[in-house]
Amino acid sequence: MRKITAGLFISLDGVVEAPDQWHFPYFSDEMGAAVDATLGAADTVLFGRKTYDSFAGAWPEREAAGEEDAGFAKKLGDARKIVVSTQKLDFTWRNSEQLQGDFVEAVTALKNEPGGNIGLSGSVSVVRQLLAAGLLDELQLLVHPIAVRKGMRLFDEGDTAVPLRLLSSETFRTGVLNLIYAPAEPAADATYEDAKTHLPQPQ
């Protein structure tokens, strides 16, 4: 089965909205390599409509310009790009299509198709749906050392917790944390009395 990995720029206080307004001072070669290892390694990319529009408005031009990031732009252009939207969409960026039918059924079928990894960048609404459906295999959070203090958070208000387990962690020279998580089983119920057994005991 194919693996789905989502990558997000996120602030210290959990904001994922409009990273173009706070992310760039922290970009580095280390971060570029981390993004390329996930998104650049995928042969299929899932998008929400807004993120797709942002990418389609920038990366084809960067590929055509042939500058430093043209190689990565070509990878994105060559990848199969699937957009999740309730509106009927028209595409100009090559290899783009719209996800058809029920979200969970369509993504499950996509995971069962032959092929390589499936990546996401941004597309918070899609990430939330994948987590809720148990379809996301890895969540890469590039945690920036800044409290943005306004904007949409990754996790909204809800009645159900989202347990995760840490697969790996890395600290970049800029102070950005590269944290990779996988879904986890809910933790067993515990009380303060249970927790006390793990506290240091007086000598």
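Residues numbered from 1 in each chain as written. Predicted model: local features only at pLDDT ≥ 70, side-chain atom pairs only at ≥ 80, totals over all residues. Heavy atoms only, no water.

## Observations concerning the pattern of salt bridges
Moving on, step 1. Applying the stated criterion across every chain yields a total of 15 salt bridges.
Moving on, step 2. A salt bridge links R49 to D53; its shortest N-O distance comes to 3.3 Å. Of this pair, R49 and D53 both sit in helix α2 (residues 49–56), four residues apart, which is roughly one turn of that helix.
Moving on, step 3. A relative accessible area of 28% places R49 in the partly exposed class.
Moving on, step 4. Close ionic contact of R62 with D69 constitutes a salt bridge, the shortest N to O distance being 3.8 Å.
Moving on, step 5. Taking relative accessible area as the criterion, D69 reaches 28% and is therefore assigned partly exposed. (Salt bridge = Lys/Arg side-chain N within 4 Å of Asp/Glu carboxyl O. Helix = DSSP H or I, 4+ residues; strand = E, 2+ residues; numbered from the N terminus. Buried < 20%, exposed > 50% of the residue type's maximum accessible area, 1.4 Å probe, protein only.)

## What about the pairing of strand β2 (residues 44–48)?
Moving on, step 1. In terms of burial, β2 is largely enclosed, as five of its five residues are buried.
Moving on, step 2. On β2, burial covers both faces: T44, L46 and G48 on one face and V45 and F47 on the other are all buried.
Moving on, step 3. In this structure, β2 lies alongside strand β3 (residues 80–84), joined through five bridges in parallel fashion. Within β3, the position partnered with F47 by the bridge is V83.
Moving on, step 4. Direction of pairing for β2 relative to strand β5 (residues 118–121): parallel, over a ladder of three bridges. Opposite L46, over in β5, you have L120 as the bridge partner. (Pairing = 2+ DSSP bridges.)

## As for the pairing of strand β1 (residues 4–11)
Moving on, step 1. The buried fraction of β1 is high, at seven of eight residues.
Moving on, step 2. In this sheet, β5 lies alongside β1 in parallel orientation, the contact comprising four bridges. Bridged to G7 within β5 is S121.
Moving on, step 3. Examined bridge by bridge, β1 and strand β6 (residues 138–144) share seven bridges and lie parallel to one another.

## Quick look at the sheet that holds strand β4 (residues 96–98)
Moving on, step 1. Pairing is mixed across the open sheet formed by eight strands, whose spatial order is β4-β3-β2-β5-β1-β6-β8-β7. Looking at strand neighbours, the two that pair on one side only are β4 and β7 (164–171), the edges of this open sheet. Recorded for the sheet is a direction-independent mean angle of 25° between the axes of neighbouring strands.
Moving on, step 2. Each of β2, β3, β4 and β5 is contacted by α2, which is oriented at about 115° to β2, the strand it contacts most. (Axes fitted to C-alpha atoms, helices over the stretch in contact; angles between N-to-C directions. Contact = heavy atoms within 4.5 Å.)

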